[in-house]
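Spelled out, the chains give:
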Amino acid sequence: MSEAARVEDCLFCKIIDGQVPSSKVFEDDMVYAFNDIEPKAEVHVLVVPKHHYANVAQVAASDHELLAHMVEVAQQIAQDKADGQFRLIFNTGEQAGQSVFHAHGHVLAGSKTASIPMAD
Ligand code: 5GP
Ligand code: ZN
């Protein structure tokens, strides 16, 4: 990642850079996707823009193509790892359950996905 896009002490920037290990599911020039360390569903993958944005609202305000691409990648992951059906959750703000302030979509797929609560 370019220095300009990188934010010091951001966990997901470090994962994208390979400084923190992760279990990669998909990568291209716009996004990096990896298994959540505490999976809440049969399939629980995080889709993360390579550029640092604090949350999905900032992605939407800055780059529509990237936001659409995150949804397409989520669909592809659900197709590859489950039956193509998925929930895509963007916790936005601390009160809403966001704990890592680098935009990410939770892709949840597999059986009984609908009944999974996202807040701990
Ligand atoms: P949030 O709470 O911000 O919506 O989601 C952050 C997610 O990142 C959580 O589901 C949490 O389990 C996951 N997570 C936190 N630290 C790590 C890590 O070091 N590696 C991976 N793979 N996932 C992490
Ligand atoms: Zn970051």
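Keep in mind that what you see is a predicted model, and the values were worked out from it rather than measured.

1. A look at the site of ligand 1
Around ligand 1 there are 16 residues in total, and Asp36, Asn91, Gly97, Ser99 and His106 lie nearest to it. Asp36 is positioned with one of its side-chain polar atoms (N or O) 2.5 Å from an oxygen atom of ligand 1. Expressed as a share of its isolated accessible area of 520 Å², the protein-covered part of ligand 1 is 83%. Broken down by secondary-structure element, the contributors of at least two residues to the shell around ligand 1 are helix H1 (11-17) and strand S2 (31-35). No other element matches the three residues that H1 contributes to the shell around ligand 1. For the shell around ligand 1, the residue count by class is seven nonpolar, seven polar and two charged.

2. Re the pattern of salt bridges
Applying the stated criterion across every chain, the model contains three salt bridges. Glu27 is the partner of Lys24 in a salt bridge, and the nearest nitrogen-oxygen pair spans 2.8 Å. Sharing partners across several salt bridges, the network here consists of Lys24, Glu27 and Lys50.

3. Details of the coordination of the zinc ion (ligand 2)
Only Cys10 (SG), Cys13 (SG), His52 (ND1) and His102 (ND1) from the protein reach the zinc ion (ligand 2) as donors, at distances of 2.0 to 2.3 Å. Bound by four donor atoms, the zinc ion (ligand 2) shows angles of 101 to 115 degrees at the metal and therefore tetrahedral coordination geometry. On the primary sequence, the residues serving as donors to the zinc ion (ligand 2) are separated as C-x2-C-x38-H-x49-H. With Cys10 in the segment before H1 and His102 in the loop between strand S4 (87-89) and strand S5 (105-109), this pair connects stretches of sequence that are 92 residues apart.

4. Considerations on the sheet that holds S2
Strands sit in the order S1-S2-S3-S5-S4 across an open sheet of five strands; the sheet is antiparallel. Each of the sheet's edge strands pairs with one partner strand only, and the pair in question is strand S1 (24-27) and S4. In this sheet, neighbouring strand axes are inclined to one another by 20 degrees on average, regardless of whether the strands run parallel or antiparallel. One ladder, built from three bridges, connects S1 with S2; its direction is antiparallel. Paired with Lys24 across the two strands is Phe34, which belongs to S2. Each of S1, S2, strand S3 (43-49), S4 and S5 touches helix H3 (residues 64-81); the most contacted strand, S3, lies at about 155 degrees to it.

Basis of the calculations
Residues numbered from 1 in each chain as written. Chains lettered and ligands numbered in written order. Predicted model: local features only at pLDDT ≥ 70, side-chain atom pairs only at ≥ 80, totals over all residues. Heavy atoms only, no water. Near = heavy atom within 4 Å. Polar contact = N/O pair within 3.5 Å; in protein donor to acceptor, adjacent residues only side chain to side chain. Areas by Shrake-Rupley, 256 points an atom, 1.4 Å probe, with all protein chains shown as cover. Helix = DSSP H or I, 4+ residues; strand = E, 2+ residues; numbered from the N terminus. Nonpolar A, V, L, I, M, F, W, Y, C, P; charged D, E, K, R; others polar. Salt bridge = Lys/Arg side-chain N within 4 Å of Asp/Glu carboxyl O. Donors = N, O, S within 2.8 Å, 3.2 Å for Na, K, Ca; no water. Tetrahedral: all angles 85-135°; square planar, octahedral: opposite > 155°, others 65-115°. Pairing = 2+ DSSP bridges. Axes fitted to C-alpha atoms, helices over the stretch in contact; angles between N-to-C directions. Contact = heavy atoms within 4.5 Å.

So far we have only geometry, and geometry alone does not tell us how the molecule works.
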